[in-house]
Amino acid sequence: MKYIIITLLFLCNSALGQTNSNIVITKKDTLFSQKLNENRELFIYVPQLENEYIQSATYPVLYLLDGDKLFIQTIGILNHLSNEYGSERCPKMIIVGIVNNNRIKDLLPVTNNDIFSQFLEEELIPYIDKKYPTQPYRTFLGHSLGGLRVTNTLVYQSQIFNSYIALDPSLGHDLNVWSDKAHKTIPNKIFSNKSLYLAMAQTMPKHMDTATISKDTSGASRHMRAIMQFENDINNKKNELNFAWKYYPDKTHSEVTFNGTYDGLQSIFSWFYNPDLYKIFDPNVGSIEATQIITKRFEIISAQMGYNVLPPEGNILKIIEHLMTKGQKEKAIFFAKLNIKNYPKSELAIYHLSEIEKQ
């Protein structure tokens, strides 16, 4: 396996007021697909552990189409949104960048024998789950033809992923063949516990606007017209889909990938953010109440993700450290005991409690 060290000046550094670069280590992996009868190149990013002695960290997975083109910016966006500078708006995630050398072959949906979907569900996902520290929550992200593949997977094989982000998807390809079929199919679909974020860029002729585009029949507006029809079809509470979408009138087809990814992750994980976290460090908030802020937050996260999610050991250690600097030893002890309860085999958690009690 090849390791690639990428130096990232985080895409959001200016907003954070930071000037230091960050070293991000990614892995270049290869999987031979029996379904596709070829090697598939992958770029893998696993969040770096803040403490090398923590062995309990596992992560949801973001599967990214056109991984060679969108990989670096997606790492930057995800790192920002999942850390304290981004207010922890989404979980830390593994990113699997899928290289699509033949985009037409991989990304255009087919009616029968969809081999690429079989590759995703039966080969790639099991391979990633076996080799990397994953959790069973998966997000699928794609742009343009990749966005078409994402929406097709949601409509016809929604069991593969939990959430979907489609960036200016090419839904009107092949003279609306896919769009017309989906228009008839979607009313009969139920998408329980699934989420979709849809981003639409500005690609229509200058003399048109969104109020008139739906009435136009020219090829020039087909791309946006198909997206708007899909939005109208899918935006139905009866199908139980957690759906949000946004039109970006000042972004081109390519430009929308950054803003769409940023907004899409926040939308998909809108339940992840907890504005009350700062209260933990308030000296007027007691130890029991402070630990309940964390435990209740992860009860909500567990319910949304469909399995038990514990507060990450590293996060609790950071809280403990901050509490100790503020002289809140009793509260720090409560969090140290919470860590041991969640990770009873962790020597690091046990060590921290003993060290705190000595002080």
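Here we summarise the structure given alongside this text.

What counts as what
- Residues numbered from 1 in each chain as written.
- Predicted model: local features only at pLDDT ≥ 70, side-chain atom pairs only at ≥ 80, totals over all residues.
- Heavy atoms only, no water.
- Salt bridge = Lys/Arg side-chain N within 4 Å of Asp/Glu carboxyl O.
- Helix = DSSP H or I, 4+ residues; strand = E, 2+ residues; numbered from the N terminus.
- Buried < 20%, exposed > 50% of the residue type's maximum accessible area, 1.4 Å probe, protein only.
- Axes fitted to C-alpha atoms, helices over the stretch in contact; angles between N-to-C directions.
- Left-handed = near helix turned anticlockwise from the far one by under 90°.
- Contact = heavy atoms within 4.5 Å.
- Nonpolar A, V, L, I, M, F, W, Y, C, P; charged D, E, K, R; others polar.

**With respect to the pattern of salt bridges**
- Tallying each qualifying case throughout the model produces 13 salt bridges.
- Of the charged contacts, one joins lysine 28 and glutamate 41 as a salt bridge, the two residues approaching to 2.7 Å between their closest N and O atoms. Highlighted residues: lysine 28 in strand β2 (residues 22–33) and glutamate 41 in strand β3 (residues 38–45), separated in sequence by 13 residues.
- The class of glutamate 41 is partly exposed, set by a relative accessible area of 25%.
- Residues aspartate 68 and lysine 69 are paired through a salt bridge, measuring 3.8 Å at the closest nitrogen-oxygen approach.
- Residue classification places aspartate 68 among the partly exposed residues on the basis of a relative accessible area of 40%.

**Section: unusual backbone geometry**
- One non-glycine residue, serine 87, lies in positive phi territory at about 65 degrees.
- If you trace the backbone, serine 87 turns up in the loop between α2 (67–82) and β5 (94–98).
- In this model, aspartate 168 sits at a positive phi of 40 degrees, which is unusual for a non-glycine residue.

**A look at the packing of α2 against helix α9 (residues 256–268)**
- At a minimum axis separation of 10 Å, α2 and α9 run at an interaxial angle of 40 degrees. Note that α2 runs across α9; the crossing there is right-handed. Contacts between α2 and α9 pair Leu70, Gln73, Ile77, Leu78, His80 and Leu81 from the former with Thr257, Phe258, Thr261, Tyr262, Leu265 and Gln266 from the latter.
- Tallied by class, residues from the contact of α2 with α9 come to 7 nonpolar, 5 polar and no charged.

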